[in-house]
Amino acid sequence: MNLELHDVRIEYPEGCNIIIGQTHFIKTAEDLYEVIATSVPQARFGIAFSEASGPCLIRTEGNDDELVQGCVTALKAIGAGYIFCILLRDAYPINVLNQVKNCPEVCTVYCATANPLQVIVASTLQGWGIIGVIDGLPPKGVESDEDRQERRALLRRIGYKR
């Protein structure tokens, strides 16, 4: 067996969130476009999907050319088929994640983050595939009562809790 592991650092524009997942059908890009556009109409976003059969093209959709290109760059770096990438601006993954997961073509969501991101990819003679992700940094400790109060206040300030 010829198996190698690779860590692929994903660079994406500051102020964005990224969602990476696995899917299986050519209409993924259009369906994800509809999911985001109808869930968060003010969102700026890019979508890319890499086919793993037929012409094996990276298919794209979106309403922001920079974010579409960022998704293409991420998928080229990952090098695996049937993977999608969404870059969001003016929206958070929590605004679209359940709808993305309920999209009929979506098999798995590996991450939804604004953190530094590495994708762990395995390569064989057939091609490349995602094994998992490293999302962000390791823990530095346990929150204190003050940290807990700050977390709760933040959630209320940004409208996610009452």
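Predicted, not measured: the structure shown is a model, and the values here were computed from it. (Residues numbered from 1 in each chain as written. Predicted model: local features only at pLDDT ≥ 70, side-chain atom pairs only at ≥ 80, totals over all residues. Heavy atoms only, no water.)

1. Some thoughts on helix α1 (residues 28-39)
An α-helical turn contains 3.6 residues, so a residue and the one three or four places further along point in the same direction. For α1, with 12 residues, the first-to-last C-alpha span of 16 Å sits near the 16 Å given by 1.5 Å per residue. Within α1, the full set of buried residues consists of Thr28, Ala29, Asp31, Leu32, Val35 and Ile36. The arc that holds the buried residues of α1, viewed along the axis, is 165 degrees, so those residues lie on one side. As for α1, its buried residues are in contact with β2 (17-23), β3 (44-50), β4 (58-62), β5 (83-89), α3 (97-101) and β6 (106-113). (Helix = DSSP H or I, 4+ residues; strand = E, 2+ residues; numbered from the N terminus. Expected span 1.5 Å × (residues − 1). Buried < 20%, exposed > 50% of the residue type's maximum accessible area, 1.4 Å probe, protein only. Arc of directions from axis to C-beta. Contact = heavy atoms within 4.5 Å.)

2. Some words on the environment of aspartate 135
Within the secondary structure layout, aspartate 135 lies in strand β8 (residues 128-135). Residue classification places aspartate 135 among the partly exposed positions, given a relative accessible area of 35%. For the pair aspartate 135 and glutamine 118, spaced 17 residues apart in sequence, the C-alpha separation works out to 6.7 Å. Here aspartate 135 is in contact with Cys111, Ala112, Thr113, Asn115, Pro116 and Leu117, once residues within four sequence places are set aside. Separated by 2.7 Å, the side chains of aspartate 135 and threonine 113 make a polar contact. A polar side-chain atom of aspartate 135 sits 3.0 Å from a polar atom in the side chain of asparagine 115. (Polar contact = N/O pair within 3.5 Å; in protein donor to acceptor, adjacent residues only side chain to side chain.)

Any functional reading would require information beyond the geometric quantities listed.
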